Structure formats: structure tokens, C-alpha cells
Amino acid sequence: MKLVDNTNREAETLGSVGPFVKVTWNDAASTFKSYRINAENPEEHLTRCETVGELVAKDEKAIVLVMHGSQCDGADIMAIPKDWAQNVEVLRECTSESSETQDE
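Our subject in this report is the structure included herewith. (Residues numbered from 1 in each chain as written. Predicted model: local features only at pLDDT ≥ 70, side-chain atom pairs only at ≥ 80, totals over all residues. Heavy atoms only, no water.)

Glancing now at the pairing of strand E1 (residues 20-27). Burial analysis of E1 places 6 of its 8 residues in the buried class, which makes it a mostly covered element. Bridge count for E1 against strand E2 (residues 47-58) is 8 bridges, and the pairing is antiparallel. Pairing of Asn-26 across the sheet is with Arg-48, part of E2. Sheet analysis places E1 next to strand E5 (residues 85-92), joined by 6 bridges and oriented antiparallel. (Buried < 20%, exposed > 50% of the residue type's maximum accessible area, 1.4 Å probe, protein only. Helix = DSSP H or I, 4+ residues; strand = E, 2+ residues; numbered from the N terminus. Pairing = 2+ DSSP bridges.)

Laid out in C-alpha cells, this is it:
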């Protein structure tokens, strides 16, 4: 198992593991008292989300972003199922020479 150790990361080191990305993805949605269901385009009923963070891990099932990091609180992450992601846009490349999130 490959782990990213956030124990000693400081805020200024965000971006040293992977690139900053914006992931556009569809989340499940629950609607109450709905009078109309679009059977021709069910995707209309999903919630469209955008999440920005440092891409620190990915595989065939998940994309993991660090959205906030501090020495006292650790890292706040968002794990997004890869098949829910519609688009992954690189906003800024990794600041270190060796990125742990390079494609296998």
C-alpha cells in the first residue's frame, strides 16, 4: 500500500505532491416534492459539483484531492469516485520534480 504522509506538511508545501486541479463531477441528489421527472435526460437530476485541490492519489476507482493542510489539523481531503468525474482540469503543475500522482 502506497501512502502519502501528511504529518509534516505545511501550508506552503501544498502542490509539492501533485498538481492543483479542478474536478467537475456529478453527485447524487435527493429531491423532495418533485412534480416533474425528466425521463429523457435523467442526468438533469444530479448535482453538478466542482472541487479544487492538490491531486495526491488516483487509481481506476478514485481521485483524492487535498483541499486544506495544516500542521495541527492534518489534511482535509475529498475522495471522488473516478466514474463520477466529468472533467479533470490541471490548474497548476506540481512544484516538485517527482510527483507521486504520475500515471502508472
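Moving on from the coordinates now.
Here E2 runs beside strand E3 (residues 62-70); their pairing, made up of 4 bridges, is antiparallel. The residue of E3 that forms the bridge with Lys-58 is Ile-63. Here E2 folds back onto E3 in antiparallel fashion, the turn holding 3 residues. Bridge count between E3 and strand E4 (residues 74-81): 8 bridges; the pairing is antiparallel. Note that in E4 the partner of Ser-70 across the bridge is Gly-74. Hairpin connection, E3 to E4: the antiparallel pair is bridged by 3 residues.

Right, let's talk about the sheet that holds E1 for a bit. Within a sheet, adjacent strands bond to each other through the backbone by hydrogen bonds, running parallel or antiparallel. Pairing is antiparallel in the open sheet, where 5 strands are placed in the order E4-E3-E2-E1-E5. Two strands close off the open sheet at either side, each with one partner strand: E4 and E5. Between one strand axis and the next, the sheet turns through 40° on average, direction left out of account. (Axes fitted to C-alpha atoms, helices over the stretch in contact; angles between N-to-C directions.)

What follows covers the packing of aromatic side chains. Per the stated rule, a full pass over the model turns up 1 aromatic pair. Residues Trp-25 and Trp-84 carry aromatic rings whose centres are separated by 6.3 Å and whose planes lie at 20° to one another, so their mutual orientation is stacked. Of this pair, Trp-25 sits in strand E1 while Trp-84 is found in the loop between E4 and E5, placing the two residues 59 residues apart along the sequence. Residue classification places Trp-25 among the buried residues on the basis of a relative accessible area of 6%. On the basis of relative accessibility, which here comes to 34%, the residue Trp-84 falls in the partly exposed class. (Phe/Tyr/Trp six-rings, centres within 6.5 Å; stacked < 30°, edge-to-face > 60°.)

All right, on to the pattern of salt bridges then. When their charged atoms lie close together, side chains carrying opposite charge are able to pair. Tallied over the entire structure, the rule returns 3 salt bridges. When the shortest N-O distance is used, the salt bridge between Glu-50 and Lys-22 registers 3.7 Å. You can see Glu-50 sitting in strand E2 and its partner Lys-22 sitting in strand E1, a full 28 residues away along the chain. On the accessibility criterion, Glu-50 (55% relative accessible area) is exposed. One salt bridge connects Glu-44 with Arg-36, and the closest N-O pair in it is separated by 2.8 Å. Owing to a relative accessible area of 37%, Glu-44 belongs among the partly exposed residues under this scheme. For Arg-36, a relative accessible area of 52% puts it in the exposed group. The structure contains a network of salt bridges with shared partners spanning Lys-22, Glu-50 and Glu-89. (Salt bridge = Lys/Arg side-chain N within 4 Å of Asp/Glu carboxyl O.)

By themselves, these are just geometric observations and shouldn't be taken as functional.
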